[in-house]
Amino acid sequence: MTVRSLLRRPVLVPAATVAIGAGTGAALLWWGGGAVPQTAPGLPDPGPATAWLLPTARLGMQVGAVITVGLLLAAVMLSPRDDGGRLSALGYRRLRAAGASAAVWSVASAVAVCYTLVDLFGLPASQVLSVRAVLHFAFTIPLGQALALSGALALVAAVIAATSLRPGGAVAALAVSVAAVVPPVFTGHAAAASNHQLAVSGLLLHVVPVTVWAGGLFALAVAARGTTADLAVAVRRFSPLALWCLVAVGASGLLSAAVRLSSPADVLGTRYGQVLLVKTAALAAVAVTGLLHRRRAIPALTVGRRRAFLRVAVVETLLFAAAIGAAVALSRTPAPPGAEEENAATALLGFPMPPPLGIDTLAKLWLPEPLFMAAAVAAAVLYGAGVWRLRRRGDRWPPARTALWLAGCAVIIIATSSGLARYGPVLFSIHMVQHLLLMMVAPILLVLAGPITLALRALPPSTDPRWPGPREWLQTALHSPVSRALTHPVVALALYVASLYVLYFTGLYELAVRSHAAHLAMIAHFLGVGYLFFWTVIGIDPAPRQVPYPLKLILVLISMVLHAFLGVALMQSATVLAPDWWTALARPWGPTPLQDQHAAGGIAWSFGELPTVIVLGALMLQWIRADQREARRRDRAADRAEAEGREDAELAAYNRMLADLAERDRQVRG
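All values reported here derive from a predicted model rather than from experimental measurement.

**Some details on the overall build of the chain**
Along its length, the chain carries 31 helices and zero strands. Within the chain, buried positions represent 47% of all 670 residues. Summarising the internal contacts of the chain: among those between residues at least 6 apart in sequence, 77% fall at separations of at least 24. Accessible surface for the chain amounts to roughly 31800 Å². Of this, 68% is attributable to carbon and sulfur atoms.

See the structure below:
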């Protein structure tokens, strides 16, 4: 079947996509050895049904994720709105279709849970599958938990998509569906790699952009049935997103290959490397066709010709189907064994026990965290692009704010990827330094840089109310009920302070050092709640609610006292946090866990107060400037009133209040 025949009968495109994806996956599964059951000696063979049905279910999960994300992207950003800013009839249909595909995705996840259990036992399905066994696997075993959580999130996305009527519901469903892609990443080859933090984060940076990229292509194929003008807008909107995805996929793919393959010879000398080459070639072909989109398809659409776009879109979709099939086969292909010696510390940390702490080791022994490093670099690039756009049109932006933003991004990279990241799970005192940098130092720098103000000034407003752009989306998010709730002073303070006590005085801290997923969530939490709190008290950006300066001062003082009390509690505690972790780690050098915990408390109590003093200074300076602006405003109003021969309104109101008080006093005396 040729591309021309598919263009004549577009209804066959989904069938061809599934056929190519399944065919590529099956061929590479056979070639790489993933179809051969990997059973331990002496255990029965689960049979060929499991060997083929499990990859089919995993392929169904990936295809369901791509279709769901694509349809939701089409509803959110690649479909016009109606005159009232609500979902149009077209967007509504795409939202409902996304609900159906998410339901299929959830069913595929359930099948994957069942047959993963069968595969692990190496027994026929009739001897393994039972309600009790499946539930136990789904709720207690990490691999089963990941697959079950993915299916549960897909089901939540299906319910949201099936019941929502507004753009906010579509955005929520899109966020949940992207989150549903994440749990399986924390299992498989990446989690089993010797340096699994690097491998898992690199895979996260690979899988999520690939899903969004492929989903966007599917969304464009769906949008092809609309008018040529709307299709041209959709393609222009998707192109920048595709470029970012391409950069992330390329960088993370190289990183993942470097982690799993011990030498360049393994690329051609192992079946895993050969399947990886096929997947890389397919993604490279997709990138080339994406360039053709920009050079040929978009100009053709602007003059009303869509055939060039359809031809490139069909080829790109089929190539992506082949890449997804290769990815499924790769997930089942045995990776070459690593050469690094495994021991207890390596098994727990994902890397060998580092040498005794010193300034030189902190400076040299970096442990890159690809996810947050990429996020920090992307944030710096986007901020710089906004400043460049303002200067190009002749507007000024304070250089100090740019310096603050770049410094905040640098602090994030240092806290998550330098020697602090390598020693953080080994020494609680180093973890506390990371905590202070991520929760206090970096957020203070970032909020004082005014990124929202920059975005609102740099992003152009949409010229068509049916097609709201990033500027309109940002304004909608600022005034949403969720933003108003999160920026309530009590909520911001509670999230900032109370969550620390919950983290350190429950089992969550030990979970964060044992689980990379929980570790990433902890870093994101530190940055998120820190930014939210300092945005509330010293932020220069517009906020959903205005907080009076006296209340801001009270919030800062309360947070300072509670943070200091946390440090004192850690210093005086005779109970070691996460004792099982330190016992299993058996660090052969340095202080005892309790001594290290006391040092961490001292760091929190002493160094933690320095950023608070800076915040107080910034808050008082903002308060003084606000009073000065208000005084100047009143002076200008009084001058205008005097020039016009009338009494100033505020002065008149003040005089009437004094007269009323005087009259009331006379009545009381009389």
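That shown, we press on.
**As for the packing of aromatic side chains**
In the structure shown here, the tally under the stated rule is 11 aromatic pairs. Between F428 and Y509, the ring centres sit 5.1 Å apart and the planes meet at 70 degrees, which makes this aromatic pair edge-to-face. One end of the pair, F428, is in helix α20 (residues 428–448); the other, Y509, is in helix α25 (residues 508–514), with 81 residues separating them in the sequence. Ring geometry for Y496 and F533: centres 4.4 Å apart, planes at 5 degrees, overall stacked. Remark: F533 occurs in helix α26 (residues 516–538) and Y496 occurs in helix α24 (residues 489–504); sequence separation between them is 37 residues. Each member of the pair Y496 and F533 is classed as buried. Here the aromatic residues Y383, W397 and W405 are joined through ring pairs into a cluster of three or more. Here the basic side chain of R401 rests over the ring of W397, its NZ or CZ set 5.0 Å away from the ring centre.

**Focus on the packing of helix α27 (residues 549–572) against helix α29 (residues 593–606)**
Two elements in contact, α27 and α29, have axes separated by 7 Å at closest approach and are oriented at 160 degrees. Relative to α29, the element α27 lies roughly antiparallel. Where α27 crosses over α29, the handedness of that crossing is left-handed. Residues H563, A564, G567, V568, L570 and M571 of α27 pack against Q597, H598, G601, G602, A604 and W605 of α29. Looking at side-chain class alone, the contact of α27 with α29 contains six nonpolar, six polar and no charged residues.

**As for the nonpolar core**
Judged by nonpolar contacts, the single largest core of 86 residues is most densely connected at F428, Y504, Y509, F526, F534, V537 and I538. The biggest single contributor to this core is α20, with 14 residues. Excluding residues that lie within four positions of it along the chain, F534 makes contacts with M439, M440, P443, I444, V447, Y496, G539 and V615.

**What to know about the environment of F238**
Considering the arrangement of structural elements, one finds F238 in helix α11 (residues 228–260). The exposure class assigned to F238 is buried, which follows from its relative accessible area of 4%. Between the alpha carbons of F238 and L220 there is a distance of 8.3 Å; along the sequence they are 18 residues apart. Excluding anything up to four places from it in sequence, F238 contacts L78, V212, W213, G216, L217 and L220.

**Here's the deal with unusual backbone geometry**
Of note in this structure, A578 is not a glycine but carries a positive phi near 50 degrees. Structurally, A578 is set in the loop between α27 and α28 (579–585).

**Digging into a nonpolar patch on the surface**
A surface patch of nonpolar side chains, about 370 Å² in accessible area, is lined by W244, V377, V381 and L382. If you tally residues by element for the nonpolar patch, the top one is helix α17 (residues 370–392), at three residues. Along the chain, W244 falls in helix α11.

**Considering the pattern of salt bridges**
One side chain can pair with another of opposite charge once the charged atoms of both are near each other. Within the structure shown, the criterion is met by three salt bridges. Where R466 meets D464, a salt bridge forms, and the shortest distance between an N and an O atom there is 3.7 Å. In this structure, the salt-bridge partner of R514 is E510, at a minimum N-O distance of 3.1 Å. With R514 and E510 both in helix α25 and four residues apart, the pair spans about one turn of that helix. When its relative accessible area of 40% is taken as the criterion, R514 is described as partly exposed.

**Let's talk about the environment of M560**
Relative to the helices and strands, M560 is located in helix α27. Owing to a relative accessible area of 21%, M560 belongs among the partly exposed residues under this scheme. Through-space distance from the C-alpha of M560 to that of T612 is 6.6 Å; in sequence the pair is 52 residues apart.

The rules behind the values
- Residues numbered from 1 in each chain as written.
- Predicted model: local features only at pLDDT ≥ 70, side-chain atom pairs only at ≥ 80, totals over all residues.
- Heavy atoms only, no water.
- Helix = DSSP H or I, 4+ residues; strand = E, 2+ residues; numbered from the N terminus.
- Buried < 20%, exposed > 50% of the residue type's maximum accessible area, 1.4 Å probe, protein only.
- Contact = heavy atoms within 4.5 Å.
- Areas by Shrake-Rupley, 256 points an atom, 1.4 Å probe, with all protein chains shown as cover.
- Phe/Tyr/Trp six-rings, centres within 6.5 Å; stacked < 30°, edge-to-face > 60°.
- Lys NZ or Arg CZ within 6 Å of the ring centre and 35° of its normal.
- Axes fitted to C-alpha atoms, helices over the stretch in contact; angles between N-to-C directions.
- Parallel < 35°, antiparallel > 145°, perpendicular 65-115°, else oblique.
- Left-handed = near helix turned anticlockwise from the far one by under 90°.
- Nonpolar A, V, L, I, M, F, W, Y, C, P; charged D, E, K, R; others polar.
- Core = buried A, V, L, I, M, F, W, Y, C linked by side-chain atoms within 4.5 Å.
- Patch = residues over 30% accessible without salt bridge, like charges linked within 9 Å, V, L, I, M, F, W, Y side chains within 5 Å.
- Salt bridge = Lys/Arg side-chain N within 4 Å of Asp/Glu carboxyl O.

Note that all results are geometric; they support no functional claim without further evidence.
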